[in-house]
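Understanding the architecture of this molecule
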Amino acid sequence: MLKNYLKIAIKVLLRRKFFTLISLFGISFTLVVLMLVSALLDHAFGPLPPEVRTDRTLGIYTVRMLLTNNFERTGPAPYWFLDRYVRTLATPERVSLYSTQRSVAAYVAGEKHSLFLKRTDGEFWNILDFQFLEGGPFTAADEREANFVAVINQATAELFFKGQPAVGRTIAVDGQRFRVAGVVPNVPIFRVTSFADVWVPLSTAKSNGYLRESTGSFLALLLARHPGDLPKIKEELQTTLARVEFPDAREYSRVITAAETLFESVARGLFGSDRDARNYAGYLLGLLLGLAVLFMLLPAINLINLNVSRILERASEIGVRKAFGASSGTLVGQFVVENVLLTLIGGAIGFVASLFLLNALTGSGLIQYAHFQMNYRIFLYGLAAALFFGLFSGVYPAWKMSRLHPVDALRGQSL
Amino acid sequence: MIQLEEVEKVYRTDKIETLALSRCNLQVREGEFIAVMGPSGSGKSTLLNLIGLLDEPTKGRIMLNGSAIASFRDKQLARLRNEYIGFIFQSFHLINDLSVVDNVEIPLLYRRMSNGERRRLALAALERVGLTSRVHHFPSQLSGGQQQRVAIARAIVGKPKVLLADEPTGNLDSHMGDEIMSILFDLNRNENTTVVMVTHDPRLGEMAGRIVRLFDGRQVN
């Protein structure tokens, strides 16, 4: 029976090539967009080397400093705040302070190149899981003693040393000279925490003014002992914030921030009010899921419309099948098989197209150091949703048509 | 085997009611060849649809082997149509997307049997109507007479007790019509298949064992 259903399904799909193409395009396009968006989100928020301990890592990405004149400053934290109130938290196993990456100039054979430089402490290398291609990280001692050492990524090593060993050699970046301590794989630009071309100790900054500046460009990374400690870290930070003493109390009145994941930080930025450190990740997740469902509803409605017209055309066939013993349930089954087949073909096209596009996007270099991969879990969810909509869009018109009186159906009448 | 008692069929639309069949009493016995005759609109096809369990009477009752079909549900009616009845339509009603043999297999799809058995029976039915050379053709590649022979093969493949033919030769020339009739008579005589056939053609009517005449929805004989 299934063979007969499949035969007729293929025939029907081939008979109305244009409608079939539109349906297939709808299904595969939806899946491709879902795959691209989820790959981008995965790239920004998912566990990806060197940020593999996402289940027990939090960060401090932005702080809101409320000023006594009712204004506020929002952005990366000043160093003194992180050093005095975050580095001293008792619950985390490790805390690292690091700067935002800054675009700096480097000259190679007289040619100017733009590189991203990030200043970090020694703990940075203990929390993140960089796989060193050469050498190793700089240490807390290097940072304490302001040693001019650097970790560089593969692209920078290639730029300076053209495939030759880099460790022990010197690079000139931003007007300073650093001895290369290690080389790590390229980190995609989406990774706020770990991305850079060159990492150097905080203390090698051209001046130590950052230690006292009331505004700053620093972030913190906190590693919990266990995933279960994350809420305790969040709570401890909030308790600590209540007793922050400002170097200049005439200017600042309060600091608002939270120990959070990057996803939570983005969600708070989107949904949170000015004076709020609550967790809005659920809202952002809801928004993303809602958009995904809405996005998938469009091809589903399109499929329903196409299916209704496709099935209405087949009143006579329905009449014949009923006359020869098909029950309403059997007919619904037949149309469901047809729709599942259509959806699976669309899914296969979507799969191949997604693989191709993700590879093309990786190869294009459009997003620096990005290496997009297929998220099979999301693809399966997408395919399951497409199948659900495929079934739904086939069952409804099939059910309506199966209720058609066989005599009317044989006359070719529709509902 | 099939009995209609005081059967009435009214078609209703929003504005009008049409009495298609009025107080019809008919007994179809096993092995009979009945011709249903009458002018257009006299209720012939309605009667055939009622006998074939494709339609339900507005009044009266239809009995099949002693059971009233009004009590049957969709699934039971589907099974009865599948096992007891074979339909032959004036306009063939073949599925153009399926090959000849796939069309003939349709009634067997709704029975439990292997693909091989299904194919064997379909080929045997096609042999019975002399179409073994066309099994993989599609309906659009056949003449009208050949298409009707495929329709007969489809109707007999499940070995039904009753064949219901609604003007089976109506769309064919006389030569092809005679071919189809000879197959029907042969099935009736040699395989004891009951045939109820709607026809306009008095010549074919004379050849049947019994004629049921209808006029304006009423039996006139």
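Below or above, wherever it landed, is the structure these notes cover.

With respect to the overall build of chain A
- Summing up its helical and strand segments, chain A has 13 helices and 13 strands in all.
- Considering chain A as a whole, with its 415 residues, one finds that 38% of them fall into the buried category.
- Partitioning the contacts of chain A with sequence separation of at least 6, the portion at a separation of at least 24 is 77%.

Comments concerning the overall build of chain B
- Broken down by element type, chain B carries seven helices and ten strands.
- Within chain B, the proportion of its 221 residues that are buried is 47%.
- Sequence-distant contacts, at least 24 apart, represent 70% of the contacts inside chain B between residues at least 6 apart.

Brief notes about the sheet that holds strand β5 (residues 67-68) of chain B
- Pairing is antiparallel across the open sheet formed by four strands, whose spatial order is β2-β1-β4-β5 (chain B). Lying at the two open borders of the sheet, with one neighbouring strand each, are β2 (17-28) and β5 of chain B.

Looking at helix α10 (residues 315-323) of chain A
Residues and elements named next belong to chain A.
- Counting buried residues in α10 gives seven out of nine residues, a clear majority hidden from the surface.
- Of the positions making up α10, those classed as buried are Glu317, Ile318, Gly319, Val320, Arg321, Lys322 and Ala323.
- Phi for Gly325, located one or two positions after α10, is positive at around 115 degrees.

Side note on the pairing of strand β9 (residues 210-215) of chain B
Residues and elements named next belong to chain B.
- Bridge count for strand β3 (residues 33-37) against β9 is four bridges, and the pairing is parallel. The residue of β9 that forms the bridge with Met37 is Arg213.
- Here two bridges tie β9 to strand β10 (residues 218-219), and the two strands are oriented antiparallel to one another. Bridge pairing in β10 places Phe215 opposite Arg218.
- Hairpin remark: β9 followed by β10, antiparallel, with two residues in the connecting loop; positive phi at Asp216, about 50 degrees.

Concerning the interface of chain A and chain B
- Facing the 22 residues of chain A at the interface are 22 residues of chain B.
- Here the side of chain A that touches chain B takes seven residues from helix α1 (residues 2-15) of chain A, the largest share from any one element.
- Here the residues of the side of chain A that touches chain B sort into ten nonpolar, six polar and six charged.

Observations regarding the environment of A:Leu67
Residue and element names in this part refer to chain A.
- By the secondary structure assignment, Leu67 is in strand β2 (residues 63-67).
- Taking the C-alpha atoms as reference points, Leu67 and Glu251, 184 residues apart in sequence, are found 5.7 Å from one another.
- Residues in contact with Leu67, not counting those within four places in the same chain, are Glu72, Arg73, Glu251, Tyr252 and Ser253.

Looking at the environment of A:Thr68
All names here are of chain A.
- Looking at the secondary structure, you find Thr68 in the loop between β2 and β3 (72-75).
- Using a count of 13 C-beta atoms within 10 Å as the deciding quantity, one classes Thr68 as partly exposed.
- As a C-alpha pair, Thr68 and Ser253 span 185 residues in sequence and 5.5 Å in three-dimensional space.
- Those residues in contact with Thr68, other than ones at most four positions away along the chain, are Arg250, Glu251, Tyr252 and Ser253.

With respect to the pairing of strand β6 (residues 111-120) of chain A
All names here are of chain A.
- Pairing of strand β5 (residues 102-108) with β6 involves seven bridges; the strand directions are antiparallel. In the sheet register, Ala105 faces β6, and the bridge partner there is Ser114.
- Joining the antiparallel neighbours β5 and β6 is a turn of two residues, in which Ala109 adopts a positive phi near 50 degrees.
- Across four bridges, the pairing between β6 and strand β11 (residues 198-201) is parallel.

Focus on the sheet that holds strand β13 (residues 252-256) of chain A
Residues and elements named next belong to chain A.
- Strand order across the open sheet formed by three strands is β3-β2-β13, with antiparallel pairing between neighbours. In this open sheet, the two edge strands, each paired with only one partner strand, are β3 and β13. Taken over all neighbouring pairs, the strand axes of this sheet differ in orientation by 15 degrees on average, direction set aside.
- Where β2 lies against β3, four bridges are found, and the strand directions are antiparallel. Its bridge partner lying in β3, Met65 is registered against Arg73.

Concerning helix α12 (residues 376-402) of chain A
All names here are of chain A.
- In a regular helix each residue adds 1.5 Å, so 27 residues correspond to 39 Å; α12 covers 37 Å between its end C-alpha atoms and thus fits that length.
- All of the buried residues along α12 are Gly382, Leu383, Ala385, Ala386, Phe389, Gly390, Ser393, Gly394, Pro397, Ala398, Met401 and Ser402.
- Those residues of α12 hidden inside the fold are in contact with α2 (17-45), α9 (281-312), α10 and α11 (328-364).

Notes on the packing of helix α5 (residues 144-156) of chain B against helix α6 (residues 174-191) of chain B
Residues and elements named next belong to chain B.
- Interhelical geometry of α5 versus α6 gives an angle of 15 degrees and a closest axis separation of 9 Å. Taken together, α5 and α6 sit at an angle that is classed as roughly parallel. For the pair α5 and α6, the crossing hand works out as right-handed. Residues Gly144, Gly145, Gln148, Arg149, Ile152 and Ile156 of α5 lie in contact with α6, whose contacting residues are Met176, Glu179, Ile180, Ile183 and Leu187.

Brief notes about unusual backbone geometry
- Of note, the bond from A:Pro49 into A:Pro50 is cis; its omega dihedral lies within 30 degrees of zero at 10 degrees.
- Residue B:Asn192 is not a glycine yet carries a positive backbone phi of 55 degrees.
- Structurally, the position occupied by B:Asn192 is in the loop between α6 and β8 (194-199).

Conventions used here
Residues numbered from 1 in each chain as written. Chains lettered and ligands numbered in written order. Predicted model: local features only at pLDDT ≥ 70, side-chain atom pairs only at ≥ 80, totals over all residues. Helix = DSSP H or I, 4+ residues; strand = E, 2+ residues; numbered from the N terminus. Buried ≥ 20, exposed ≤ 12 C-beta atoms within 10 Å, placed from the backbone. Contact = placed C-beta atoms within 7 Å. Pairing = 2+ DSSP bridges. Nonpolar A, V, L, I, M, F, W, Y, C, P; charged D, E, K, R; others polar. Axes fitted to C-alpha atoms, helices over the stretch in contact; angles between N-to-C directions. Expected span 1.5 Å × (residues − 1). Parallel < 35°, antiparallel > 145°, perpendicular 65-115°, else oblique. Left-handed = near helix turned anticlockwise from the far one by under 90°.

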